[in-house]
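# Secondary and tertiary structure notes
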Amino acid sequence: GGPHIAVVDAVIQQAHELHAADADFLSAGEACLAALAAMCTSAISTPEFRVAPFDWTPDVKVDAFGSFAQRTMLKTSSDIDARLTFVQFSVKDRERQLKYLKAVESVAGEPFACPHIIPGRMPVLRMTYRGFLDIDLTMGDEIEDAAGVDRAVDGLLSASLDDTARVFARVVKAFAKSAGLVGAFAGFLNSVSWVVLAISFLQANGSLPLWA
């Protein structure tokens, strides 16, 4: 009945206030991305990366994807996933990706700390911004596919007039993380999949449209 719904709503709101990224956190994320783009530009603007015979260095783009782009970040556990690309050409070869990421790693300094590369099929440069925000920087063209997912998730969550769908998705994500149920390597869903699961539940009970 009504009283029970009110209690559940109050619990969800309290959990959301505890875990959801606030305006200051989101502002720090935007500042982090701007600083990251400037640092990447500095790293690539050296003679080593000049393109012959044109004598120019590539124009850098740094885009966020995942929870930051979907606006489902949690201040208690979220990081920023960012992708480094160039305007003039794509970098698909793993060794070339490593070369560029190592260049960025070599110039990393304040406000970034603890830069280190995690090798793998897709190399990742991991570091921390101002001591509290973790950054994972990768390379490649996969950002286009990821951006499509992000747009779909953001569009569907935005279909809720009072933002309750996004609140619900953040709380579901916070629950999954606090319960240790997030992580593909451990056999669990990743964070985006938990958000999609929350969206599917809301669609099934008519709280969200099937399409944004």
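Below: a short report on this structure. (Residues numbered from 1 in each chain as written. Predicted model: local features only at pLDDT ≥ 70, side-chain atom pairs only at ≥ 80, totals over all residues. Heavy atoms only, no water.)

## Describing the side chain of Asp136
Applied cut-off: A run of DSSP states H or I qualifies as a helix once it reaches four residues; a run of E qualifies as a strand once it reaches two. Both are numbered from the N-terminal end. Every residue pair with non-hydrogen atoms within 4.5 Å of one another is taken to be in contact.
The topology assignment puts Asp136 in strand β5 (residues 133-139). The residues contacting Asp136, other than those within four sequence positions of it, are Asp79, Ile80, Asp81, Ala82, Val124, Leu125 and Arg126.

## Notes on the pairing of strand β4 (residues 124-129)
Defined as follows: Relative accessibility thresholds used throughout: buried, under 20% of the residue-type maximum; exposed, over 50%; partly exposed, between the two (1.4 Å probe, protein chains only). Any two strands with at least two DSSP-identified bridges between them are counted as paired.
With 5 of its 6 residues buried, β4 lies for the most part within the structure. Looking at chain direction, strand β3 (residues 112-118) and β4 are connected through 5 bridges and run antiparallel. By the bridge assignment for β4, Ile117 is matched with Leu125. Note: β4 against β5, 5 bridges, orientation antiparallel. The residue bridging Met127 from the neighbouring strand is Ile135, located in β5. The turn joining β4 and β5, which pair antiparallel and follow one another in sequence, is formed by 3 residues; a positive phi near 50° is taken by Arg130.

## A word on the pattern of salt bridges
Condition: Salt bridge, as applied in this entry: a Lys or Arg side-chain nitrogen positioned within 4 Å of an Asp or Glu carboxyl oxygen.
In total, this model carries 7 salt bridges according to the counting rule given. Here Arg166 and Asp154 are joined by a salt bridge, their closest N and O atoms 3.1 Å apart. One end of the pair, Arg166, is in helix α6 (residues 164-178); the other, Asp154, is in helix α5 (residues 143-158), with 12 residues separating them in the sequence. Classification of Arg166 by relative accessible area gives buried; the value is 2%. Between Arg166 and Asp163 there is a salt bridge, with the nearest N and O atoms lying 3.2 Å from each other.

## Some points on the nonpolar core
Quick note on the threshold: Throughout this description, the term nonpolar core refers to a set of buried Ala, Val, Leu, Ile, Met, Phe, Trp, Tyr and Cys residues connected via side-chain atoms within 4.5 Å.
Leu36, Ile135 and Leu137 are the most contacted members of the largest nonpolar core, which has 32 residues in total. With 8 residues, helix α2 (residues 23-44) is the largest single contributor of residues to this core. Sequence-distant contacts of Leu36, that is, excluding residues within four places in its chain, are made with Val62, Ala82, Phe112, Met127, Ile135 and Leu137. Listed in part, the 13 residues of the second largest apolar core include Leu156, Leu157, Val172 and Leu208.

## Quick look at α2
The criterion, for reference: To estimate how far a helix should extend, the number of its residues minus one is multiplied by 1.5 Å. Of all possible arcs, the one meant is that of the directions from the helix axis to the C-beta atoms.
Compared with an ideal rise of 1.5 Å per residue, which puts 22 residues at 32 Å, α2 spans 32 Å between its outermost C-alpha atoms and is within 8% of the ideal. Residues Phe25, Ala28, Gly29, Cys32, Leu33, Leu36, Met39, Cys40, Ala43 and Ile44 constitute the buried set of α2. Down the axis of α2, the smallest arc covering the buried residues is 145°, so these residues share one side. In α2, the exposed positions angled more than 90 degrees off the buried face are occupied by Ala23 and Asp24.

## Section: the packing of aromatic side chains
Put simply, the rule reads: Aromatic rings from Phe, Tyr and Trp, with only the six-membered ring used for Trp, were paired whenever their centres fell within 6.5 Å, and each pair was classed as stacked if the ring planes differed by under 30 degrees, edge-to-face if by over 60, and tilted otherwise.
Following the criterion strictly, the structure yields 6 aromatic pairs and no others. Site record: aromatic cluster; members linked through ring pairs are Phe49, Phe86, Phe89 and Tyr100.

## Here's the deal with the environment of Phe25
Examined against the element boundaries, Phe25 turns out to sit in helix α2. With a relative accessible area of 9%, Phe25 lands in the buried category. Note: C-alpha distance between Phe25 and Met73 (48 residues apart in sequence) is 9.1 Å. Residues within four places of Phe25 in sequence aside, it is in contact with Met73, Leu74, Lys75, Ser78, Phe132 and Leu133.

## Let's talk about the packing of α6 against helix α7 (residues 191-204)
The condition is simple: Structural elements are reduced to axes, namely lines fitted to C-alpha atoms, with helices fitted over the stretch in contact, and the angle between N-to-C directions of any two is expressed from 0 to 180 degrees. For classification, angles of less than 35 degrees are called roughly parallel, those exceeding 145 degrees roughly antiparallel, those between 65 and 115 degrees roughly perpendicular, and all remaining angles oblique. Two helices cross in a left-handed way if the nearer one is turned anticlockwise from the farther one by less than a right angle. They cross in a right-handed way if the turn is clockwise. Note that Gly is not counted as nonpolar here; it falls among the polar residues with everything else outside the nonpolar set of Ala, Val, Leu, Ile, Met, Phe, Trp, Tyr, Cys and Pro and the charged set of Asp, Glu, Lys and Arg.
Relative orientation of the contacting elements α6 and α7 amounts to 135°, with a least axis distance of 9 Å. By the angle class used here, α6 and α7 are oblique. α6 and α7 meet at a crossing whose hand is right-handed. Along the contact surface, α6 presents Ala165, Phe168, Ala169, Val172, Lys173, Ala176 and Lys177, while α7 presents Ser191, Trp194, Val195, Ala198, Phe201 and Leu202. Counted by class, the contact of α6 with α7 contains 10 nonpolar, 1 polar and 2 charged residues.

## Examining unusual backbone geometry
The peptide bond linking Glu110 to Pro111 adopts the cis configuration, its omega dihedral lying at 5°. In this structure, Pro111 sits in the loop between α4 (94-107) and β3. We note that Cys114 has phi near 55°; this positive angle belongs to a residue other than glycine. Locating Cys114 in the fold gives a position in strand β3. Exposure remark for Cys114: the relative accessible area of 56% places this residue in the exposed category.

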